[in-house]
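Coordinate inspection notes
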Amino acid sequence: MQVVKEYVRRWYESGLDPDEYICHKRQGNFVEIEEAETGKRRTVLTFCTNDVLGLTQEESVKQAAIEAILQYGTSNSSTSVLSGRIDLHRQLENEISAFKHLPNTQLFLNAWMAMQALMDAFCHLAIPIPGFQNNRETLILTDVLNHGCIVTALANAGTRSGKMFGHSPRVRVRAYRHCDVEDLARKLKRYAQPDNRIMVVSDAVFSMDGDIAPLPQMIDVLENYPDSTLLMDEAHASGAIGATGRGIYEYFDLKPQDAIARGVNPLIMTTFSKFAASAGAAISSHVPELIPLLNVSPTSIGTISLPAPTAAAALESIRLVANEPERVERLQENTKYLRSRLAANDFVAIGETNVVPVLLPPELNPKEYARELMDFGIWVSPIWFIAKPRIRITVNALHTKEEMDRLVTGMVKSRDLVYQPTISA
């Protein structure tokens, strides 16, 4: 333990530890928070929530969760394949399938478990079956900036979860440059071998850069590899991009069936923590046979199913999004407005979505800038542990122009106090 103590001491001394705040109450985009270190309380305007459509405080969503508790209790206390499957799960899966235009969906407690389950199901085909020999190797290509849940699942893709030593065919993982379709094509040509099972996996919207994967060009490349699989993580895309918030396929005026028609198997991971006022995740596919494999993966069969209030909140939220596309329109209008205001004040905001990373000079600790903003009553997320220091602003559908103007005014004042902006060439 001495090594741990010494490491944490140096970590704190280096300033790499995050500032911690505890939320006590929320009304709209105003949050009463407590500084964990000092106990100081204040009410601030938040631009760091992932509640992109403002549904966590929607009355019908809260009521759906309450009614689910009254009917089912707070937990199902079992796995789906034993006694933990409830009718809300079936309704939620059907709603997601309709929303994403893929007919088969499996629920999970979170994205990390969903991704690991998919690697188990795709690469290792669940459990050994007498008389069936799986001898095809898997090649997985991954964008270098993919989310940690993807990275972790791929790091563990070589053997089935729950097995220290596996005897499945080899799994090879290779990275391609961020959103670089030409590099993806080069890597596939270089590493793909005859009879490989091929998967390409990418965020749809990248959580730290706010940009969008080049889906049409990715399908163009994969069309040359019949029966290949394209997995899109739509955590930051669902509810945010596309005319009605259905995600990256709608954004590019496509449907998953367009990929299927060209010999590419589309998979979509949907998460509920951003647009669906809840927690949990789902994998959707046009292949019904994939679902039972996901259902018996260790990250599904080894833990409880999605609790009833969580499932009910997600179900009501998705129905609201499907029936009221004006919520998505407001989010997209707010995104355009804030990005234009930032540009007008010489801030370098990268990406194009409601995830708005603003680059800072490398010599500045983003935590210092975020603390200055906190003094102006603005709460943003400082990101200081990656190559390009930044603050990450997340716009939601509830933000008013006055609130966004207040953010930009605070950013300008804080900039005058601590740094000069980085001007793009």
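Residues numbered from 1 in each chain as written. Predicted model: local features only at pLDDT ≥ 70, side-chain atom pairs only at ≥ 80, totals over all residues. Heavy atoms only, no water.

Some points on the side chain of Asp 233
Rules: Starting at the N terminus, helices and strands are each numbered in turn, a helix being any DSSP run of H or I of at least four residues and a strand any DSSP run of E of at least two. Each residue's exposure class comes from its accessible area (1.4 Å probe, protein chains only) as a fraction of the maximum for that residue type: buried when under 20%, exposed when over 50%, partly exposed otherwise. For the purpose of charge, His is not counted, nor are the chain termini; Lys and Arg are scored as positive and Asp and Glu as negative. Whenever Lys or Arg places a side-chain nitrogen within 4 Å of a carboxyl oxygen from Asp or Glu, that contact is recorded as a salt bridge. Here a polar contact is recorded for every N or O atom pair within 3.5 Å, except that within protein the pair must consist of a potential hydrogen donor and a potential acceptor, and residues adjacent in sequence are included only if both atoms are side-chain atoms. Residues count as neighbours in contact if any of their non-hydrogen atoms are within 4.5 Å of one another.
Mapped onto the elements, Asp 233 comes out in strand 8 (residues 228-233). For the buried residue Asp 233, which engages in no salt bridge, the nearest side chain bearing the opposite charge is Lys 274, 7.3 Å off. Looking at Asp 233, its side chain comes within polar contact range of the main-chain nitrogen of Ala 235, at 3.0 Å. When residues no more than four places from it in sequence are discounted, the contact partners of Asp 233 are Met 115, His 147, Cys 149, Ile 150, Ser 202, Asp 203, Ala 204, Val 205 and Met 269.

Some words on the pattern of salt bridges
Across all of its chains, the model carries 25 salt bridges by this definition. Where Lys 367 meets Asp 17, a salt bridge forms, and the shortest distance between an N and an O atom there is 3.9 Å. Within this pair, whereas Lys 367 is found in helix 15 (residues 366-375), its partner Asp 17 is found in the loop between helix 1 (2-14) and strand 1 (21-27), the two being separated by 350 residues in sequence. For the pair Lys 367 and Asp 17, one class covers both residues: buried. Between Arg 42 and Glu 35 there is a salt bridge, and its shortest N-O distance comes to 2.9 Å. The two residues Arg 42 and Glu 35 agree in class, both being buried. One network of salt bridges, with partners in common, ties together Glu 6, Arg 9, Arg 10 and Glu 13.

Quick notes on the sheet that holds strand 9 (residues 264-271)
Worth spelling out the cut-off: At least two bridges found by DSSP between two strands is the condition for calling them paired. Orientation is described by lines fitted to C-alpha atoms, with helices fitted over the stretch in contact, and by angles between N-to-C directions that extend from 0 to 180 degrees.
A sheet is described by the order of its strands in space; here seven strands give the open sequence 4-10-9-8-7-5-6, paired in mixed fashion. Bordering the open sheet on either side are strand 4 (104-108) and strand 6 (171-176), each of which pairs with just one other strand. Neighbour-to-neighbour, the strand axes of this sheet turn through a mean angle of 20 degrees, independent of strand direction. Taken together, the six bridges between strand 5 (residues 138-143) and strand 6 define a ladder with parallel strand orientation. Among the inter-strand pairings, Ile 140 is bridged to a residue of strand 6, identified as Val 173.

A word on the packing of helix 2 (residues 59-72) against helix 13 (residues 308-323)
Heads up, the condition is: It is the rotation of the near helix from the far one that decides the hand of a crossing: anticlockwise by less than a right angle makes it left-handed, clockwise makes it right-handed. Here the nonpolar group is Ala, Val, Leu, Ile, Met, Phe, Trp, Tyr, Cys and Pro; Asp, Glu, Lys and Arg are the charged ones; every other residue, Gly included, is treated as polar.
As a packed pair, helix 2 and helix 13 sit with axes 8 Å apart at the nearest point and diverge in direction by 145 degrees. Read as a crossing pair, helix 2 and helix 13 show a hand that is right-handed. Every residue of helix 13 that contacts helix 2 at Ser 60, Val 61, Ala 64, Ala 65, Ala 68, Ile 69 and Tyr 72 is listed here: Ala 308, Pro 309, Ala 312, Ala 313, Glu 316, Ser 317 and Leu 320. Class assignment for the residues of the contact of helix 2 with helix 13 results in eleven nonpolar, two polar and one charged.

Side note on the sheet that holds strand 3 (residues 41-46)
Here four strands make up an open sheet; going across it, the order is 1-2-3-12 and the pairing mixed. Every interior strand has two partners, whereas the edge strands, strand 1 and strand 12 (378-379), have only one. Note: strand 1 against strand 2 (residues 30-35), six bridges, orientation antiparallel. Among the inter-strand pairings, Cys 23 is bridged to a residue of strand 2, identified as Ile 33.

A closer look at the pairing of strand 4
Of all five residues in strand 4, five are buried; the element is thus mostly enclosed. In strand 4, alternate side chains face the same way, and those of Asn 104, Gln 106 and Phe 108 on one face and Thr 105 and Leu 107 on the other are all buried.

Considerations on the environment of Leu 184
With respect to the element layout, Leu 184 can be found in helix 7 (residues 181-191). Each C-alpha atom of the pair Leu 184 and Asp 143 lies 8.6 Å from the other, and the pair is 41 residues apart in sequence. Among residues more than four places away in sequence, those in contact with Leu 184 are Leu 141, Tyr 176, Val 200, Met 218 and Val 221.

Structural notes on the pairing of strand 7 (residues 197-203)
Which entries qualify depends on this criterion: Call a crossover right-handed when, viewed with both strands pointing away from you, the route from the first strand across the helix to the second goes clockwise.
Counting buried residues along strand 7, seven of its seven residues qualify, which places the element largely inside the surrounding structure. Along strand 7, one buried face is formed by Arg 197, Met 199, Val 201 and Asp 203 and the opposite face, lined by Ile 198, Val 200 and Ser 202, is buried too. As defined by bridge partners, strand 7 adjoins strand 8 across five bridges and the pair is classed as parallel. Opposite Val 200, over in strand 8, you have Leu 230 as the bridge partner. The handedness of the strand 7 to strand 8 crossover, carried by helix 8 (residues 215-222), is right-handed.

Observations regarding helix 13
Rules: The span one expects for a helix is its residue count, reduced by one, times 1.5 Å.
Helix length check: helix 13, at 16 residues, gives a terminal C-alpha distance of 22 Å against a target of 22 Å (1.5 Å per residue), a fit within 8%. Across the 16 residues of helix 13, 13 count as buried, placing the element largely inside the fold.

Thoughts on the packing of aromatic side chains
Geometry of an aromatic ring pair is reported as the spacing of the ring centres plus the angle between the planes. Quick reminder of the rule: Between the rings of Phe, Tyr and Trp (Trp by its six-membered ring), a pair exists once the centres lie within 6.5 Å; its type follows the angle of the planes, with under 30 degrees stacked, over 60 edge-to-face, and the other angles tilted. Remark: a charge is flagged as sitting over a ring if the NZ atom of Lys or the CZ atom of Arg is within 6 Å of the ring centre and within 35 degrees of the ring normal.
With the rule as written, the count across this model stands at four aromatic pairs. Ring centres of Tyr 251 and Phe 252 lie 4.9 Å apart, and the angle between their planes is 90 degrees; this geometry places the pair in the edge-to-face category. Judged by its relative accessible area of 36%, Tyr 251 is partly exposed. Taking the ring centre of Phe 347 as reference, the NZ or CZ of Arg 415 above it sits at 4.3 Å.

Quick look at empty space enclosed by the protein
As a reminder, the rule being used: A cavity here means a set of points on a 1 Å grid, drawn over the protein atoms and nothing else, where a 1.4 Å probe fits but cannot get out; a pocket is an open set with protein on both sides within 12 Å along at least five of seven lines, and a residue lines either one if it has an atom within 4 Å of a point. Grid points are joined across faces, edges and corners, and a volume is the space filled by probe spheres set on the points.
Across all of its chains, the model carries two cavities of 30 Å³ or more by this definition. Volume-wise, the largest cavity comes out at about 120 Å³. In terms of residue count, strand 4 provides more of the lining of the largest cavity than any other element does, three residues in total. Here the lining of the largest cavity is composed, by residue class, of six nonpolar, eight polar and two charged. Taken as a whole, the second largest cavity encloses approximately 40 Å³ of empty space. Here the residues of the lining of the second largest cavity sort into four nonpolar, five polar and one charged.

Details of helix 2
Rules: Arc definition: directions from the helix axis to the C-beta atoms.
Across its 14 residues, helix 2 extends 20 Å between first and last C-alpha, which sits within 8% of the 20 Å expected from 1.5 Å per residue. Taken residue by residue, helix 2 has Val 61, Ala 64, Ala 65 and Ala 68 as its buried positions. Down the axis of helix 2, the smallest arc covering the buried residues is 95 degrees, so these residues share one side. For helix 2, the exposed residues lying more than 90 degrees away from the buried face are Glu 59 and Leu 70. The inward-facing, buried residues of helix 2 abut helix 4 (87-100) and helix 13. Trailing helix 2 by a residue or two, Gly 73 shows a phi angle of about 90 degrees, which is positive.

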